[in-house]
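Here is what each chain is made of, one letter per residue.
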Amino acid sequence: MKIIVALKQVPARDSTLKVDGGGKWIQDADLSFEINEPDAYALEEGLQLKEKHGGEVIVLCLGPARAAQTIREALAKGADRAIHIEEENLAGLDTLGMAQLIAKAAAAEQADLLLTGLQSDDLGSGQTGVVAAELLGWAHSTIIMQVDKTDGGIRVKRELEDGWFQHIDLPLPAVLAIQSGINKLRYATLMGIKKAKTKEIKRLTAAELGSSPPAQAVIDRIYVPQKSKQTQILEGPAREVAARLVEKLKFEVRVL
Amino acid sequence: MAGNGISGLAQELASKRLDKVYAVEHALLGEYTPDGYTAALEALVRQVNPSCVLFPHTYQVRDFVPKLATRLSRVLVSDVIRVRVEDGALVFVRLLFQGKLNGDMRVSGPAPHLVSIQAGAYRAENVQTGSAVVETVTPALTPDQIRSKPHPPFRESSRAVDLTAAELIVSVGRGIKEKENIPIVEELARALGAELAASRPICDNGWLPMERQVGSSGQTVAPKLYLAVGISGAIQHLVGMKGAKTIVAINKDSNAPIFEVADIGVVGDLFEVVPALVEEIRKAKS
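Because the structure is a prediction, the values reported are computed rather than measured.

K.L.:
I'd like to hear about the overall build of chain A, residue by residue, with values.
P.N.:
From N to C terminus, chain A includes six helices and 13 strands. Each principal axis of the C-alpha distribution contributes one length, and for chain A these read about 65 × 45 × 40 Å. Counting the 256 residues in chain A, one finds 57% classified as buried. In chain A, the proportion of contacts linking residues at least 24 apart, taken out of those at least 6 apart, comes to 68%. When the accessible surface of chain A is totalled, it reaches about 11,300 Å², and 50% of it is carbon and sulfur.

In structure tokens, the structure reads:
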């Protein structure tokens, strides 16, 4: 199986975020970045499918130059090679613009599968895989908890709401948006990190892939949400806070 | 509304204050497939030519509406929590960075604009009654348009843990850092006489079984007390627990979105606060 895994670099989860001067994005100069966690599960699924059925895992990343770090980490975990669509101004693209670049780069590879995480931890649109599938003309399914190869294609286990699941048969090529928790993530080995240094990263620019349509949906302003609920905040030494909380649990919440 | 044999549901919908209900009916829409639903709704949208199409942000909508939008050369604005009009233009509010920030989105280009609305963003019971005309539409669908073959939905082995019945819940999130620390919150649950629950990442990592998960992909709970320990409060978690009578959150990050819904917030290190709390609860109970 030839498998492309589209992954994104996002600010580390525990980052303290500040709105930048323009008010349209965050100050990202001093942040540390990591692989978007849902995409890490997609990568792991790709690696496991390759281990079972043979083939190749290609990492595809749309992002600025700094995303090379995340690509190297994916290569260190076992991906065979990578394609980096270098674009410094992701904020200028909407979901269609991003998916178009990803679909164009993926189309050239003639792969069997394109895997992505369910959504990104930054924008959280949860659309890139599905939009790319439509642009590629491939079948797709989302919120996937299991992938098995069948004679004519694949059978996936799709998560429905409220604890329900469903199996779906799909022809290849297909796009799958992988649900977090589908597998157990691996760590890169020392050997893997060493090997990653020699693996191919093909760099493309957005311009090389053809012009993007003008963005239809753009972020006008970002801001810290206004609190709608009155929260009593307790702060101070742990022992003191615990005693005050127990008072409240006893006399206000009445559960003790 | 799309499906097969949905005239009863369409009539029910028509009893709301709406101008019109379209019932898109076809035998091939009986089972949901992204190919079938996209083709059927594409035809309807092209026929009706609305300025805006609103969807509920469900798993099913996430599965096909981005495809529908692309088919129509549009962009779906997904998971919107509020819509307002500013200078005559629509502004859609979304959560960004797992709820740490909000973003106002504006759309440009020709109608229709496609938008999916987060569950709970508006109150369903506020929809007034009325009587609308139902127009049944039969899209031209053929089996060869549908590439995926869905099988009947199923549940994993019945849930051994029913969190929905719990009066008191202690729930743990990523802040617990590693599996070896889980006993710290187990101890707290024991002291309170509460059920132990978790946010999705804890179950994804196998630190607690999936059946203890609260959130959009787990159980929806409404206990008297929900004590969230080290849970940042991603929306997927909040939808599963915001119906709790009292929410107490312990988190070291004072900007964590969980404090948006908490009645009582403890800003502090859970590894210090929780053991102290266990001790105080035992004292109060003895």
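From this point, the narrative continues.
K.L.:
With reference to specific residues and values, describe the overall build of chain B.
P.N.:
Across its full length, chain B holds eight helices and 15 strands. Over its C-alpha atoms, taken along the principal directions, chain B stretches across nearly 70 × 50 × 35 Å. Looking at chain B as a whole, 53% of its 286 residues are labelled buried. In chain B, the proportion of contacts linking residues at least 24 apart, taken out of those at least 6 apart, comes to 59%. On chain B, roughly 12,600 Å² of surface is accessible, and the fraction owed to carbon and sulfur atoms is 51%.

K.L.:
Describe unusual backbone geometry, and please don't skip the residues or the numbers.
P.N.:
For the bond running from Leu172(A) to Pro173(A), omega is 0 degrees, close enough to zero to count as cis. Tracing the sequence through the fold places Pro173(A) in the loop between strand E9 (164-171) and strand E10 (174-178). Of note in the backbone geometry, Asn49(B) takes a positive phi value of approximately 50 degrees without being a glycine. With respect to the helices and strands, the residue Asn49(B) is situated in the loop between helix H2 (34-48) and strand E3 (52-56). Given a relative accessible area of 55%, Asn49(B) falls into the exposed group.

K.L.:
Could you give an account of the interface of chain A and chain B, with specific residues and numbers?
P.N.:
One frequent convention defines the size of an interface as the accessible area lost when the parts assemble. Taken together, the 87 residues of chain A in the interface contact 79 residues of chain B. Between chain A and chain B the total buried area reaches about 7,400 Å² when both faces are included, carbon and sulfur atoms providing 53% of it. When the buried area of chain A at its contact with chain B is split by residue, Glu134(A), Gln216(A) and Tyr223(A) rank highest and sum to 9% of it. Taken together, the links from chain A to chain B amount to eight salt bridges.

K.L.:
Now, about empty space enclosed by the protein: what can you tell me, with residues and values included?
P.N.:
Counted according to the given criterion, the structure contains three cavities of 30 Å³ or more. In this structure, the largest cavity occupies an estimated 460 Å³ of space. Lining of the largest cavity is provided by 29 residues; of these, Gln98(B), Arg200(B), Pro201(B), Ala234(B) and Gln236(B) occupy positions nearest its centre. Contributing elements (two or more residues each) for the lining of the largest cavity: helix H1 (37-53) of chain A together with helix H3 (59-71), helix H5 (200-204) and helix H6 (235-241) of chain B. For the lining of the largest cavity, the leading source of residues is H5(B), giving three residues.

K.L.:
Tell me what's going on with the nonpolar core, and back it up with residues and numbers.
P.N.:
One finds Leu60(A), Leu62(A) and Leu114(A) to be the most contacted residues of the largest nonpolar core, which totals 46 residues. Tallying contributions element by element places helix H3 (residues 95-107) of chain A first for this core, with eight residues. The contact partners of Leu114(A), leaving out residues within four places of it in the chain, are Ile4(A), Ala6(A), Ile102(A), Ala132(A), Leu136(A), Trp138(A), Ala174(A), Val175(A) and Leu176(A). By size, the runner-up hydrophobic cluster in this structure holds 40 residues, among which are Leu234(A), Leu249(A), Val185(B) and Ala276(B).

K.L.:
Give a description of the environment of Val267(B) that names residues and reports values.
P.N.:
With respect to the helices and strands, the residue Val267(B) is situated in strand E15 (residues 264-267). Along the sequence, Val267(B) and Lys252(B) sit 15 residues apart, while their C-alpha atoms lie 5.1 Å from each other. If near-sequence neighbours (up to four positions away) are discounted, Val267(B) is found in contact with Ile233(A), Leu234(A), Glu235(A), Asn251(B), Lys252(B), Ser254(B) and Phe259(B).

K.L.:
An account of the domain arrangement of chain B is requested, with residue identities and associated values reported.
P.N.:
Residue and element names in this part refer to chain B. Under the domain assignment, chain B is made up of domain 1 (2-145) and domain 2 (163-285). With centres defined by C-alpha atoms, the gap from domain 1 to domain 2 works out at 35 Å. The interface of domain 1 with domain 2 comprises eight residues on the first partner and seven residues on the second. Summed over both partners, the interface of domain 1 with domain 2 buries about 560 Å², with 54% contributed by carbon and sulfur atoms. Along the contact surface separating domain 1 from domain 2 lie zero salt bridges. Summed over the shared surface of domain 1 and domain 2, the result is zero residue pairs in polar contact (both at pLDDT 80 or more). Of the residues in the side of domain 1 that touches domain 2, the class split is three nonpolar, three polar and two charged.

K.L.:
If you had to explain the sheet that holds strand E13 (residues 225-229) of chain B to someone new, which residues and values would you point to?
P.N.:
Pairing is parallel across the open sheet formed by six strands, whose spatial order is E13(A)-E15(B)-E14(B)-E13(B)-E11(B)-E12(B). Each end of this open sheet is capped by a strand with a single partner; those strands are strand E13 (232-234) of chain A together with strand E12 (195-198) of chain B. Geometrically, the sheet is characterised by an average inter-axis angle of 20 degrees between neighbouring strands, direction not taken into account. Taken together, the five bridges between E13(B) and strand E14 (residues 246-251) of chain B define a ladder with parallel strand orientation. Bridge pairing in E14(B) places Val229(B) opposite Ile250(B). Packed onto the sheet, helix H4 (residues 182-192) of chain B meets strand E11 (168-172), E12 and E13 of chain B and runs at close to 170 degrees relative to E11(B). Of the strands in this sheet, E13, E14 and E15 of chain B are in contact with helix H8 (residues 270-285) of chain B, which crosses E14(B) at around 130 degrees.

K.L.:
Got a sec to walk through the packing of helix H6 (residues 238-251) of chain A against H8(B)? Specific residues and values, please.
P.N.:
Relative orientation of the contacting elements H6(A) and H8(B) amounts to 45 degrees, with a least axis distance of 8 Å. Relative to H8(B), the element H6(A) is oriented oblique. At the point where H6(A) passes H8(B), the crossing takes the right-handed sense. Contact with H6(A), carried on its side by Ala238(A), Arg239(A), Ala242(A), Ala243(A), Leu245(A), Val246(A) and Lys250(A), involves Glu272(B), Val273(B), Ala276(B), Leu277(B), Glu279(B), Glu280(B), Ile281(B) and Ala284(B) of H8(B) and no other residues of that element. A per-class count over the contact of H6(A) with H8(B) returns ten nonpolar, no polar and five charged.

K.L.:
Give a description of helix H4 (residues 128-136) of chain A that names residues and reports values.
P.N.:
Burial runs high along H4(A): seven of the nine residues are buried. Along H4(A), the residues that are buried comprise Gly129(A), Val130(A), Val131(A), Ala132(A), Ala133(A), Glu134(A) and Leu136(A). In this structure, the buried residues of H4(A) make contact with H3, strand E6 (113-117), strand E7 (139-149) and E10 of chain A together with H3 of chain B. Backbone geometry just downstream of H4(A) places Gly137(A) in the positive-phi region, at approximately 80 degrees.

Each value, and the rule that gives it
- Residues numbered from 1 in each chain as written.
- Chains lettered and ligands numbered in written order.
- Predicted model: local features only at pLDDT ≥ 70, side-chain atom pairs only at ≥ 80, totals over all residues.
- Heavy atoms only, no water.
- Helix = DSSP H or I, 4+ residues; strand = E, 2+ residues; numbered from the N terminus.
- Buried < 20%, exposed > 50% of the residue type's maximum accessible area, 1.4 Å probe, protein only.
- Contact = heavy atoms within 4.5 Å.
- Areas by Shrake-Rupley, 256 points an atom, 1.4 Å probe, with all protein chains shown as cover.
- Buried area = accessible area lost by both parts, 1.4 Å probe.
- Salt bridge = Lys/Arg side-chain N within 4 Å of Asp/Glu carboxyl O.
- 1 Å grid on protein atoms, 1.4 Å probe; cavity = no way out; pocket = protein on both sides within 12 Å on 5 of 7 lines; lining within 4 Å.
- Points joined across faces, edges and corners; volume = space filled by probe spheres on them.
- Core = buried A, V, L, I, M, F, W, Y, C linked by side-chain atoms within 4.5 Å.
- Domains from an automatic or database assignment.
- Polar contact = N/O pair within 3.5 Å; in protein donor to acceptor, adjacent residues only side chain to side chain.
- Nonpolar A, V, L, I, M, F, W, Y, C, P; charged D, E, K, R; others polar.
- Pairing = 2+ DSSP bridges.
- Axes fitted to C-alpha atoms, helices over the stretch in contact; angles between N-to-C directions.
- Parallel < 35°, antiparallel > 145°, perpendicular 65-115°, else oblique.
- Left-handed = near helix turned anticlockwise from the far one by under 90°.

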